[in-house]
Amino acid sequence: MEDVAVRLTSRFGAQVEGWLAEMPAVAARLGSRWGLMLGEPFASGAASVVMRCQWSDGTPVVLKFSPDRALLAKQAEMLGLFASTGRVPAVLAADAEAGAMVLEEIRPGTEAEDLPPEFLPQRWGELLTALHSVTPPAGWPLDLRGRQEEAFARIGRRLSEPAIAARIDGATWQRAIQRCETLLDSQTRPVLLHGDLHLGNALDGGPSRGLVAIDPKACVGDPCYDAVDYVVAGAGQEGVEARCQRVATACGLDGDRLYAWAQVIAPMLAIALLTYSGPAPAIDELLALAGP
């Protein structure tokens, strides 16, 4: 659990220590109530802890906790929006007060980045077609503009860190913001987006189900946005431009807009790679993409 504590402390601060200390007792209580056999934590992220569990009949499920109870409750609501597509995990139980929910475990569950790359564009296109077929709920309060404003504000605070400042200057960041504004102002066919569809958030659900998306940040906006993280992940591999062409064709998207979104997202991904000592060729390509 040490790595989990480090990630959660980085996100929420030292006050998360008390929540972590209470989590085993809360898990045991919920397990007893819901008839779960508790397993070990796995695949935990920066804002949550996920435990592999089983119902009493042996059905595999996952129990997800977060110290941000509002975030988890909103995520359960977002999963419900896409439930009819079969392309997100089903929410099987939830306790908003405890900040916990039970989800079906996706099998085999291989992350998209570990699947055969030659078939992935088509599978991504099928996933987007399913997700984007959902009509946005009337009055849904979250849109892509707000999502991007939050991301630029949160990630932009890191520009002063020495390792990042050495490679990314204020002009590059402002150029990305301006490009983003141009794209947002020219949206013509907004859809209900997953909103955070990177390769780690798409799992193999098997031949009959296809890719399954996890951890949505559902918002309304440009359909290209749900393909852009996959595109920029081509940096240092086949290249962003080549991947963009393949993905745009497979997903039925405007290739020029998708490439423009890649220019917006490039410095954000570069910051992540600089933070975790990512491959230099990928960083160099992303920074060139973010240039004038």
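Conventions and cut-offs
- Residues numbered from 1 in each chain as written.
- Predicted model: local features only at pLDDT ≥ 70, side-chain atom pairs only at ≥ 80, totals over all residues.
- Heavy atoms only, no water.
- Helix = DSSP H or I, 4+ residues; strand = E, 2+ residues; numbered from the N terminus.
- Rg over C-alpha atoms; globule rule 2.2 N^0.38 Å.
- Buried < 20%, exposed > 50% of the residue type's maximum accessible area, 1.4 Å probe, protein only.
- Lys, Arg positive; Asp, Glu negative; His and termini not counted.
- Charge placed at Lys NZ, Arg CZ, Asp CG, Glu CD.
- Phe/Tyr/Trp six-rings, centres within 6.5 Å; stacked < 30°, edge-to-face > 60°.
- Axes fitted to C-alpha atoms, helices over the stretch in contact; angles between N-to-C directions.
- Parallel < 35°, antiparallel > 145°, perpendicular 65-115°, else oblique.
- Left-handed = near helix turned anticlockwise from the far one by under 90°.
- Contact = heavy atoms within 4.5 Å.
- Nonpolar A, V, L, I, M, F, W, Y, C, P; charged D, E, K, R; others polar.
- Pairing = 2+ DSSP bridges.

S.K.: Is there a simple way to think about the overall build of the protein in this case?
M.R.: From N to C terminus, the protein includes eleven helices and nine strands. Taking 2.2 N^0.38 as the reference for a compact globule, 292 residues should give roughly 19 Å; the C-alpha atoms of the protein span a radius of gyration of 19 Å, in line with that estimate. Seen along its three principal axes, the alpha-carbon backbone of the protein occupies a region of about 60 × 45 × 40 Å. Of all 292 residues assigned to the protein, the portion counted as buried reaches 50%. Computing the positive centroid from 25 side-chain charges and the negative centroid from 36, the protein places the two 2 Å apart.

S.K.: What am I meant to see in the packing of aromatic side chains here?
M.R.: Between two aromatic rings, the relevant description is the distance of the centres plus the angle of the planes. In total, this model carries three aromatic pairs according to the counting rule given. Measuring from ring centre to ring centre gives 4.8 Å for Trp124 and Tyr230, while their planes differ by 40°; the resulting arrangement is tilted. Pair noted here: Trp124 is in helix 4 (residues 120-131) and Tyr230 is in helix 8 (residues 225-232), with a separation of 106 residues, a long-range link. The two residues Trp124 and Tyr230 agree in class, both being buried. Centroid distance Tyr225 to Trp261: 5.4 Å. Interplanar angle 80°. Geometry classified as edge-to-face. On the criterion of sequence distance, the pair formed by Tyr225 in helix 8 and Trp261 in helix 10 (residues 255-275) is long-range, its members being 36 residues apart. Exposure remark for Trp261: the relative accessible area of 0% places this residue in the buried category.

S.K.: I keep staring at the packing of helix 4 against helix 8 and nothing clicks. Help me out?
M.R.: A pair of packed helices is captured by two measures, namely the crossing angle of their axes and the spacing between those axes. Packing of helix 4 against helix 8 brings their axes to within 10 Å, and their N-to-C directions diverge by 160°. Taken together, the axis directions place helix 4 and helix 8 in an arrangement best described as roughly antiparallel. Considering the relative orientation of helix 4 and helix 8, their crossing is right-handed. Of the residues in helix 8, those touching helix 4 at Leu120, Pro121, Trp124 and Leu128 are Asp226, Ala227 and Tyr230. Class assignment for the residues of the contact of helix 4 with helix 8 results in six nonpolar, no polar and one charged.

S.K.: Explain the pairing of strand 4 (residues 91-95) here, please?
M.R.: Taken residue by residue, a regular strand's side chains alternate between the two faces of the sheet. Inspection of the sheet shows strand 4 paired to strand 5 (residues 100-104) by four bridges, in the antiparallel sense. Among the inter-strand pairings, Ala94 is bridged to a residue of strand 5, identified as Met101. Taking the residues that link successive antiparallel strands as the turn, the strand 4-strand 5 hairpin has four residues, and the phi of Gly99 there is positive, at about 65°.

S.K.: What is the right way to look at the packing of helix 5 (residues 144-156) against helix 10 in this model?
M.R.: It is at 11 Å that the axes of helix 5 and helix 10 come closest, and there the two elements cross at 35°. Regarding helix 5 and helix 10, the two cross each other, and that crossing is left-handed. Each of Leu144, Gln148, Ala151, Phe152 and Ile155 in helix 5 lies in contact with helix 10, whose residues at this interface are Trp261, Val264, Ile265, Met268 and Ile271. Of the residues assigned to the contact of helix 5 with helix 10, the class counts are nine nonpolar, one polar and no charged.

S.K.: Honestly, the sheet that holds strand 4 in this entry has me stumped. Any pointers?
M.R.: Strand pairing in a sheet relies on backbone hydrogen bonds. The paired strands run either parallel or antiparallel. Read from one edge of the open sheet, five strands run 1-2-3-5-4, paired in antiparallel fashion. Because the sheet does not close on itself, it has two edges, and the strands there are strand 1 (36-41) and strand 4. Between one strand axis and the next, the sheet turns through 25° on average, direction left out of account. Summarising the sheet, strand 3 (residues 60-65) and strand 5 pair through five bridges and their orientation is antiparallel. Paired with Leu63 across the strands is Val102, a residue of strand 5. Strand contacts of helix 2 (residues 16-34): strand 1, strand 2 (49-55), strand 3, strand 4 and strand 5, with the helix running at about 140° to strand 3, the strand carrying the most contacts. Relative to strand 5, helix 3 (residues 69-82) is tilted by about 30°, and along the sheet it contacts strand 3, strand 4 and strand 5.

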